[in-house]
Amino acid sequence: MKKLLASTCLTLGVLMLGAQANPADCGEVTIASMNWQSAEVLASLDKFILNEGYGCDAEIIVGDTVPTITSMVEKGQPDIAPEGWVDLLPEVVNRGISEGKLVGAAVALSDGAVQGWWIPKYIADAHPDIKTIPDALKHPELFPDPEDSSKGAVHNGPQGWGGTLATTQFYKAYGAEKAGFTLVDTGSAAGLDGSIAKAYERKEGWVGYYWAPTALLGKYQMVKLGHGVPVDAAEWKRCNTVAECPDPKPNDWPKDKVQTLVTKSFADRAGADVMAYLNTRSWSNDTVNTLMAWMTDNQASGDDGAKQFLKEHEDIWTKWVTPDAAEKIKAAL
């Protein structure tokens, strides 16, 4: 009987160890959190769901579009880029997928994302003739450079953003310098946001790079400028997104596909349930805008935003995960 009990205990012990190991098949996971709000909260959401629902050991690292995706292809790290703006680096992404180093998972924003040059609505209302980038460049006096009011200014994002690279190329393509404009490096996401807020508070002109979905565009009404030409996909890949290209041409900004990217090495070891989650998890601009507005109003972090979403939108996220993971996530909240 003692031998039977010992054997039973041993068997139970092995089974328990196996049960503890299975949820953690994905092991250690690095998740890139880009330095803008929607990417931050999505990274935090993935971290919470993977850790609490699937027993992973996930941690967040700081990233940006260009260095993160390039590193995933060349070094195999980080494991996941939840909000990959893949159209900003088409050659790198396509090479990574074709060489078996990257896997494209769910489209993170189900209805796509919008980037481009924007002006305040009060400027658009007062000057209905300004509908495109060439229209705006005819009026440097309406968009004064904060350092030299005799010139106009195009406000750019921080270095490392794909949108910053494309804006720099469009600045050349549309002859903005010859039109009397300088290209202003706002230095950071906060600096870019601050330049819009400052212009709005003073009811001054502003033109520059921005994107949606964002909480800021929910607070300040902005109008996206047209580009005056249709989208040329070949030109976009040839020069509009290549920093070294010397002769960019005017082009429209394609509606962006925002996709979750995973390294092939992680996809191979993550397990079917984890990859099923990453292949399913997708939300709309309206959902993200509402969440980001809440985060802004409450000065909430990405972790706070993730928990708020999980509490308020069980109808959405439970469709992404297994029933067992859903129960664990609810318990963790």
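Throughout this document, residue positions are counted from 1 along each chain, in the order its sequence is written. Owing to the predicted nature of the model, reporting of local features is limited to residues with pLDDT of at least 70; listing and counting of side-chain atom pairs is limited to 80 or more, with chain, interface and lining totals taken over all residues. Calculation of side-chain values draws on the structure's entire complement of heavy atoms; hydrogens and water are dropped beforehand.

What follows deals with the pairing of strand β7 (residues 181-185). Strands were regarded as paired on the criterion that DSSP finds at least two bridges between them. Here a strand is any run of E in DSSP of at least two residues, a helix any run of H or I of at least four, and the numbering for each starts at the N terminus. The sheet contact formed by strand β6 (residues 152-156) and β7 spans five bridges and is parallel. For Asn156, the partnering residue across the bridge sits in β7 and is Asp185. Crossover handedness is defined here as right-handed if the route from the first strand over the helix to the second strand goes clockwise, with the strands pointing away from the viewer. Note on the crossover from β6 through helix α7 (residues 162-173) to β7: the handedness is right-handed.

As a packed pair, α7 and helix α10 (residues 233-240) sit with axes 11 Å apart at the nearest point and diverge in direction by 100°. When the interaxial angle is binned, α7 and α10 end up roughly perpendicular. In this structure, α7 contributes Leu165, Ala166, Gln169 and Phe170 to the contact, and α10 contributes Trp236, Cys239 and Asn240. Lines fitted to the C-alpha atoms define the axes, with helices restricted to the stretch that makes contact. Angles between their N-to-C directions range from 0 to 180 degrees. Angles are sorted into four bins: roughly parallel if under 35 degrees, roughly antiparallel if over 145, roughly perpendicular if 65 to 115, and oblique for all others. Contact definition: two residues touch when any of their heavy atoms are within 4.5 Å.

One can find Met34 in strand β1 (residues 28-34). Along the chain, Met34 and Ile61 lie 27 residues apart, while their C-alpha atoms are 8.7 Å from each other. Not counting the four nearest positions on each side in its chain, Met34 is found in contact with Ala39, Glu40, Gly63, Asp64, Thr65, Thr68, Ala81 and Glu83.

Further remarks concern the pattern of salt bridges. For this analysis, a salt bridge means a side-chain nitrogen from Lys or Arg found within 4 Å of a carboxyl oxygen belonging to Asp or Glu. Scanning the model with the defined rule gives 11 salt bridges in all. Residues Lys101 and Glu99 are paired through a salt bridge, measuring 3.3 Å at the closest nitrogen-oxygen approach. Arg238 is paired through a salt bridge with Asp247; the nearest N and O atoms lie 3.1 Å apart. Connected through salt bridges with shared partners, the residues Glu235, Arg238, Asp247 and Lys249 form a single ionic network.

With that settled, consider the state of the cysteines. Cysteine sulfur atoms that come within 2.5 Å of each other are treated as a disulfide pair. All told, the structure shown has two disulfides when counted by the stated rule. The disulfide that involves Cys26 links it to Cys56, with 1.8 Å between the sulfurs. Taking the sign of the S-S torsion, about -140° here, the bridge from Cys26 to Cys56 comes out left-handed. Of this pair, Cys26 sits in the loop between α1 (2-21) and β1 while Cys56 sits in the loop between α2 (37-54) and β2 (57-63); the two residues are 30 residues apart in sequence, bridging distant segments of the chain. Judged by its relative accessible area of 1%, Cys26 is buried. Relative accessibility under 20% of the residue-type maximum defines a buried residue, over 50% an exposed one, and the middle range a partly exposed one, all with a 1.4 Å probe and only protein chains included. On the basis of relative accessible area, Cys56 is assigned to the buried category, the value being 8%. Cysteines bonded in the protein are numbered consecutively along the chain; their disulfide partners then correspond to 1-2, 3-4.

With that settled, the discussion passes to helix α13 (residues 285-297). With 13 residues, α13 should reach 18 Å at 1.5 Å per residue; the first-to-last C-alpha distance of 18 Å fits that figure. Taken together, the buried positions of α13 are Asn285, Thr287, Val288, Leu291, Met292 and Met295. Projected onto a plane normal to the axis of α13, the buried residues spread over an arc of 155° and lie on a single side. Residues of α13 that are exposed and point over 90 degrees away from its buried face: Asp286, Thr290 and Asp297. Buried positions along α13 lie against α2, α14 (302-312) and α15 (314-317). After α13 finishes, the residue Gln299 shows a positive phi value of roughly 50°. The span one expects for a helix is its residue count, reduced by one, times 1.5 Å. Here, the arc refers to the directions that run from the helix axis to the C-beta atoms.

Functional significance is not addressed by these values, which are geometric in nature.
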